[in-house]
Amino acid sequence: MSFGKDSLAMLLLLLEKKMPLDEVIFYNSGMEFQAIYDIRDRMKPILEQRGVRFTEVEPDVPFLYNMLERPVDSKKNGFHLGYGWCGGPCRWGTSMKTRTLDGVALDAEVHYVGIAADETERLMKLEAPKRSPLANAGMTEADCLAFCYERGFFWEENGVRLYDILDRVSCWCCKNKNRRELKNIYQFLPQYWERLKELQSQIPMPMKPFSRKGVPYGNVFDLERVFDQEIEAEKSGRLHQSKRRRCEQSR
């Protein structure tokens, strides 16, 4: 369980259909959105009432140690401290998560995994004892989100639903977040943006490889400057449109 839309939909489906369920395992990276922890805490008493064991596992060492402090000696970049941003070709956090989860509940006959019916590449990689109840039920990613919304789970922070502004509610510091998601974090989730700036101040590599006319701006501080310019231009454009409409209406 990650307590994102797909895994939560899977859990709710299992409970509603009263399918065999002994244990729910949550990998806590320490870098999840608060909304994820809120939903975890909301589900824990429900699981207890149903007699389902809840287990929370963590990485062997803190996420930030691996990101910023672990001594690394690589052929490509030489000696440095920390793996840096997690994502793209360097998904060290995902590797740690997979390794940890694959090392628990080894005696279970079935491992339920929250992979939706339209995630065909991931489904093709599933091997026993892993199984996807969502795929068996024909539930796509969009179905999963609607399923959770219908049951009152919305992933809300700062008055916004995270799935309205993010494609995936993965770790807030994930390098795989696209430009739209990062701009929305800057606009609507400033508390996480400040934390991204704190990380960028300690990581030499820019978070993203963005550039415009040959000028790079993937560093979080540069992203903020570019986003500010765009937001001001958008406001100015809306203001001009509003004035134009008022002039046309007055004629």
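What counts, and at which threshold
- Residues numbered from 1 in each chain as written.
- Predicted model: local features only at pLDDT ≥ 70, side-chain atom pairs only at ≥ 80, totals over all residues.
- Heavy atoms only, no water.
- Helix = DSSP H or I, 4+ residues; strand = E, 2+ residues; numbered from the N terminus.
- Buried < 20%, exposed > 50% of the residue type's maximum accessible area, 1.4 Å probe, protein only.
- Contact = heavy atoms within 4.5 Å.
- Areas by Shrake-Rupley, 256 points an atom, 1.4 Å probe, with all protein chains shown as cover.
- Lys, Arg positive; Asp, Glu negative; His and termini not counted.
- Charge placed at Lys NZ, Arg CZ, Asp CG, Glu CD.
- Salt bridge = Lys/Arg side-chain N within 4 Å of Asp/Glu carboxyl O.
- Phe/Tyr/Trp six-rings, centres within 6.5 Å; stacked < 30°, edge-to-face > 60°.
- Core = buried A, V, L, I, M, F, W, Y, C linked by side-chain atoms within 4.5 Å.
- Axes fitted to C-alpha atoms, helices over the stretch in contact; angles between N-to-C directions.
- Left-handed = near helix turned anticlockwise from the far one by under 90°.
- Nonpolar A, V, L, I, M, F, W, Y, C, P; charged D, E, K, R; others polar.
- Arc of directions from axis to C-beta.

Novice: Quick one: what's the story with the overall build of the protein, residue by residue and with numbers?
Specialist: Helix and strand counts for the protein come out as eleven helices and ten strands. Structurally, the protein occupies a C-alpha span of about 70 × 60 × 35 Å along its principal axes. Going through the 251 residues of the protein one by one, you find that 41% of them count as buried. Contacts in the protein between residues far apart in sequence, at least 24 positions, make up 57% of those at least 6 positions apart. Of the roughly 14600 Å² of accessible surface on the protein, 50% is carried by carbon and sulfur atoms. Counting 39 positive and 37 negative side-chain charges, the protein places the centres of these two groups 7 Å from one another.

Novice: I'd like a rundown of unusual backbone geometry, residues and numbers included.
Specialist: A cis geometry characterises the amide bond from Ala128 onward to Pro129, with omega recorded as 10 degrees. Examined against the element boundaries, Pro129 turns out to sit in the loop between helix 5 (120-124) and strand 6 (130-131). For Trp155, which is not glycine, the phi torsion reads 55 degrees and is therefore positive. Relative to the assigned elements, Trp155 resides in the loop between helix 7 (141-150) and strand 7 (156-157).

Novice: Describe in detail helix 7, supporting the description with residues and values.
Specialist: Three or more residues of helix 7 are buried, namely Glu141, Cys144, Leu145, Phe147, Cys148 and Tyr149. As for helix 7, its buried residues are in contact with helix 1 (5-16), helix 6 (133-136), strand 8 (160-161) and helix 8 (162-165).

Novice: Requested: an account of the pattern of salt bridges, with residues and values cited.
Specialist: Following the criterion strictly, the structure yields 19 salt bridges and no others. One salt bridge connects Arg40 with Asp41, and the closest N-O pair in it is separated by 2.9 Å. Note that Arg225 is salt-bridged to Asp222, the shortest N-O span being 3.9 Å. With Arg225 and Asp222 both in helix 11 (residues 220-250) and three residues apart, the pair spans about one turn of that helix. Asp222 gets classed as partly exposed once you look at its relative accessible area, which sits at 28%. It is possible to trace a salt-bridge network through shared partners that takes in Lys5, Asp6, Glu119, Arg122, Glu141 and Arg168.

Novice: How would you summarise the packing of aromatic side chains if you had to cite specific residues and measurements?
Specialist: For any pair of aromatic rings, the description rests on two quantities: the centre-to-centre distance and the angle between the ring planes. In this structure the tally under the stated criterion is 13 aromatic pairs. Here Phe63 and Trp92 contribute two aromatic rings whose centre-to-centre distance is 4.7 Å and whose plane-to-plane angle is 40 degrees, an arrangement assigned as tilted. With a gap of 29 residues between them, Phe63 in helix 3 (residues 63-69) and Trp92 in helix 4 (residues 92-102) connect regions that are remote in the sequence. Judged on exposure class, the residue Phe63 and its partner Trp92 are both buried.

Novice: So, the nonpolar core: which residues are in play, and what are the values?
Specialist: Trp155 and Leu196 are the most contacted members of the largest nonpolar core, which totals 68 residues. A per-element tally of this core places helix 1 first, with eight residues.

Novice: Quick rundown of the packing of helix 1 against helix 7? Include the residues and the values.
Specialist: At a minimum axis distance of 8 Å, the contact between helix 1 and helix 7 shows a crossing angle of 65 degrees. Between helix 1 and helix 7 the crossing geometry is left-handed. Here Lys5, Asp6, Leu8, Ala9, Leu12, Leu13 and Glu16 of helix 1 come into contact with helix 7, specifically with Glu141, Cys144, Leu145, Phe147 and Cys148. In terms of residue class, the contact of helix 1 with helix 7 is made up of eight nonpolar, no polar and four charged.

Novice: Explain helix 4 to me, using residue names and the numbers behind them.
Specialist: By the burial criterion, the buried members of helix 4 are Trp92, Gly93, Met96 and Thr100. When helix 4 is viewed along its axis, its buried side chains cluster within an angular range of 105 degrees and face the same direction. Buried residues belonging to helix 4 abut strand 1 (23-27), strand 2 (53-57) and helix 3.

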